Amino acid sequence: MAHLVFDPDEQAALRADAREHVLSDPGVAYVLQRLAAEGVDLDACADWEDLRVSAGLPARESSSAA
């Protein structure tokens with residue numbers, strides 16, 4: 001299982017961002033706090049191509065890849 005864990009400085013930065021968003025956007029604050037505490041399970045992540053195909057979206061044109 002692949003798991004991304006943030007170092008203490010990155011965790012502190014995520015928590016600081018969470019504190020900035022807690023009143024204006026508590027959902028974002030919650031996610032940032034969870035990321036700081038738990039990291040990211042990379043096995044549970046889907047890449048753009050998988051999401052695009054499952055949603056039935058057309059392929060991106062090279063001019064829109066920015």
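Not measured: the values here are computed from a predicted model. (Residues numbered from 1 in each chain as written. Predicted model: local features only at pLDDT ≥ 70, side-chain atom pairs only at ≥ 80, totals over all residues. Heavy atoms only, no water.)

Our next topic: a nonpolar patch on the surface. Residues Trp48, Leu51 and Leu57 make up a contiguous nonpolar surface patch of about 290 Å² in total accessible area. Along the chain, the position of Leu57 falls in the segment after α3 (48–55). (Patch = residues over 30% accessible without salt bridge, like charges linked within 9 Å, V, L, I, M, F, W, Y side chains within 5 Å. Areas by Shrake-Rupley, 256 points an atom, 1.4 Å probe, with all protein chains shown as cover. Salt bridge = Lys/Arg side-chain N within 4 Å of Asp/Glu carboxyl O. Helix = DSSP H or I, 4+ residues; strand = E, 2+ residues; numbered from the N terminus.)

Turning to the nonpolar core, a few remarks are in order. Inside soluble globular proteins, nonpolar side chains tend to come together where they are buried. Core analysis: the largest hydrophobic core is formed by seven residues, namely Phe6, Leu14, Ala18, Ala29, Leu32, Ala36 and Val40. Within the residue set of this core, elements represented by two or more residues are α1 (8–21) and α2 (26–38). At three residues, α2 tops the list of elements feeding residues into this core. Every residue in contact with Val40, bar those within four places of it in the chain, is listed here: Ala2, His3, Leu4, Phe6, Leu35 and Cys45. (Core = buried A, V, L, I, M, F, W, Y, C linked by side-chain atoms within 4.5 Å. Buried < 20%, exposed > 50% of the residue type's maximum accessible area, 1.4 Å probe, protein only. Contact = heavy atoms within 4.5 Å.)

Now for the packing of α1 against α2. The contact between α1 and α2 brings their axes to 8 Å, and the two run at 165°. The orientation of α1 relative to α2 falls into the category roughly antiparallel. Here the hand of the crossing between α1 and α2 comes out left-handed. Listed contacts from α2 to Gln11, Leu14, Arg15, Asp17, Ala18 and His21 of α1 are Pro26, Val28, Ala29, Leu32, Gln33, Leu35, Ala36 and Ala37. (Axes fitted to C-alpha atoms, helices over the stretch in contact; angles between N-to-C directions. Parallel < 35°, antiparallel > 145°, perpendicular 65-115°, else oblique. Left-handed = near helix turned anticlockwise from the far one by under 90°.)

This is a description of form; function is not addressed.
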